[in-house]
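Take a look at the letters that make up each chain.
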Amino acid sequence: MSGPQRRVAYGLGGVMVVFLVTHVQEAPVTHRWRLMTTPEWIERIVTRSSFRGVMGEFGNSVLPESHPVSRQVAKVMVRLINAAHDYPDPETGRRLNLFTELGKADIPLDEWRFYVIDDVAMGRPTPNAFVIGGGKVFIFRSILPICEDEDGLATVLSHELGHLLADHLGEKLTLSPFLLTLNMAMYSIFGSSRPGDILVNALLDTSFSREMETEADYIGLMVMSRACYNPQKAPRLWQNMMKFERQNGQTPPELLSTHPSSDRRFRNISEWMPKAVAVYSDSGCQQAQGFNSLLGGFSGFGKVSLV
Ligand SMILES: [Zn+2]
């Protein structure tokens, strides 16, 4: 290598090192170091493409906003979003907005949209839920009997919100830039995001993906506690998911497919439970729940409607 070539190579190497060092950050909860290089505008493109893909496939099966199930999902989600906007850290006492605290741009409440996909009427139940950027929440109706009640529903939705708050999409895009190209290529071939999603999910089923699941479990448990949903009901939801998995042979619900082993999940949850219970009681939830259970006798509060 000649002198000028060597200087260019060193220069590029130096720029690369500076770029990597300035884009390393500590992940919430697990405190692993992660590389985050995905600009917001790429996340927005991916989010828009995901939204179009999901609506293209399921848009005709979305329940109207006025449907009782849609209203119930919206009600739970609004409580969770409000809780994430005003979260008192039990260790420091500081009031945090978890959106900005965890490095995500804030999404005002009126920009959120909630979509319940009636996969039961479609005849192919796929119990699942996910939250994508820009505040779009999707939940499949077949997950509701697995949730059993609003605490179970809050467990599912807060876990998905946890993924959004910790910006796991940005992390996945950073670590796997070629997956984006692959997904777009698959979309252009098949005209649907599903084949690309399946392939990408298979490629991402690695241990770092399971770390993200642990983070989402933790953030979800704390946010649902802050929103006065009973954290002690969370294990039951995951047990129900495993029961569904056993009853349906080899196809686990997507929510379980890349998740930590159930042993590890339950160990984690019991380790975090004292903190979750502290968040729950510091938020004055016992009094609120006492009042709500009184209301429940008249209005069915807290029950998931399956109509
Ligand atoms: Zn997850």
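Residues numbered from 1 in each chain as written. Predicted model: local features only at pLDDT ≥ 70, side-chain atom pairs only at ≥ 80, totals over all residues.

An unreviewed UniProt entry annotates the protein as Peptidase M48 domain-containing protein of Pichia membranifaciens NRRL Y-2026.

Student: Can you tell me about the pairing of strand β6 (residues 129–132), naming the residues and giving the values?
Tutor: Only one face of β6 is buried, namely the one carrying Ala 129 and Val 131, since none of Phe 130 and Ile 132 on the opposite face is buried. Joining the antiparallel neighbours β6 and strand β7 (residues 136–140) is a turn of three residues, in which Gly 134 adopts a positive phi near 80 degrees. (Buried ≥ 20, exposed ≤ 12 C-beta atoms within 10 Å, placed from the backbone. Helix = DSSP H or I, 4+ residues; strand = E, 2+ residues; numbered from the N terminus. Pairing = 2+ DSSP bridges.)

Student: Can you lay out unusual backbone geometry for me, pointing to particular residues and giving the numbers?
Tutor: Of note, Asp 167 is a non-glycine position whose phi angle comes to about 55 degrees, a positive value. Structurally, Asp 167 can be placed in the loop between α7 (150–165) and α8 (168–175). A residue is classified by how many C-beta atoms lie within 10 Å of it, and Asp 167, with 25 of them, is buried. The backbone phi angle of Cys 228 is positive, close to 70 degrees, even though this residue is not glycine.

Student: Talk me through the sheet that holds β6; I want residue IDs and the actual numbers.
Tutor: Taken together, the three strands give an open sheet; going across it, the order is β5-β7-β6, and neighbouring strands pair in mixed fashion. Because the sheet does not close on itself, it has two edges, and the strands there are β5 (113–117) and β6. With strand direction ignored, the average angle separating the axes of adjacent strands in the sheet is 15 degrees. Pairing between β6 and β7: four bridges, direction antiparallel. Within the sheet, the bridge partner assigned to Phe 130 lies in β7 and is Phe 138. Along the sheet, helix α2 (residues 40–58) contacts β5, β6 and β7; its crossing angle with β6, the most-contacted strand, is approximately 140 degrees. (Axes fitted to C-alpha atoms, helices over the stretch in contact; angles between N-to-C directions. Contact = placed C-beta atoms within 7 Å.)

Student: Outline α7, listing residues and values.
Tutor: With 16 residues, α7 ought to run about 22 Å at 1.5 Å a step, and its terminal C-alpha atoms sit 21 Å apart, in line with that. Extensive coverage of α7 is indicated by the burial of 16 of its 16 residues. Residue Asp 167 follows α7 closely and has a positive phi angle near 55 degrees. (Expected span 1.5 Å × (residues − 1).)

Student: How would you summarise the pairing of β7 if you had to cite specific residues and measurements?
Tutor: When you tally the buried positions in β7, you get five out of five residues, the bulk of the element. Here β7 shows two buried faces, one formed by Lys 136, Phe 138 and Phe 140 and the other by Val 137 and Ile 139.

Student: Describe in detail the packing of helix α12 (residues 234–247) against helix α14 (residues 262–282), supporting the description with residues and values.
Tutor: In contact at an axis separation of 10 Å, α12 and α14 are set at 170 degrees when each is read in the N-to-C sense. On the basis of their axis angle, the class for α12 and α14 is roughly antiparallel. Counting all contacts with α12, which are made through Ala 234, Pro 235, Trp 238 and Met 242, the residues of α14 involved are Ser 262, Arg 265, Phe 266 and Ile 269. When the residues that make up the contact of α12 with α14 are grouped by side-chain class, the tally is six nonpolar, one polar and one charged. (Parallel < 35°, antiparallel > 145°, perpendicular 65-115°, else oblique. Nonpolar A, V, L, I, M, F, W, Y, C, P; charged D, E, K, R; others polar.)

Student: Lay out the packing of helix α3 (residues 68–85) against α7 in plain terms, naming residues and giving numbers.
Tutor: Running from N to C, α3 and α7 cross one another at 45 degrees; their axes reach a closest spacing of 10 Å. Between α3 and α7, the angle falls in the class oblique. Handedness of the α3/α7 crossing: right-handed. Seen from α3, the contacting residues are Val 76, Met 77, Leu 80 and Ala 84; seen from α7, they are Glu 150, Leu 153, Ala 154, Leu 157, Ser 158, Leu 161 and Leu 165. Grouping the constituent residues of the contact of α3 with α7 by class yields nine nonpolar, one polar and one charged. (Left-handed = near helix turned anticlockwise from the far one by under 90°.)

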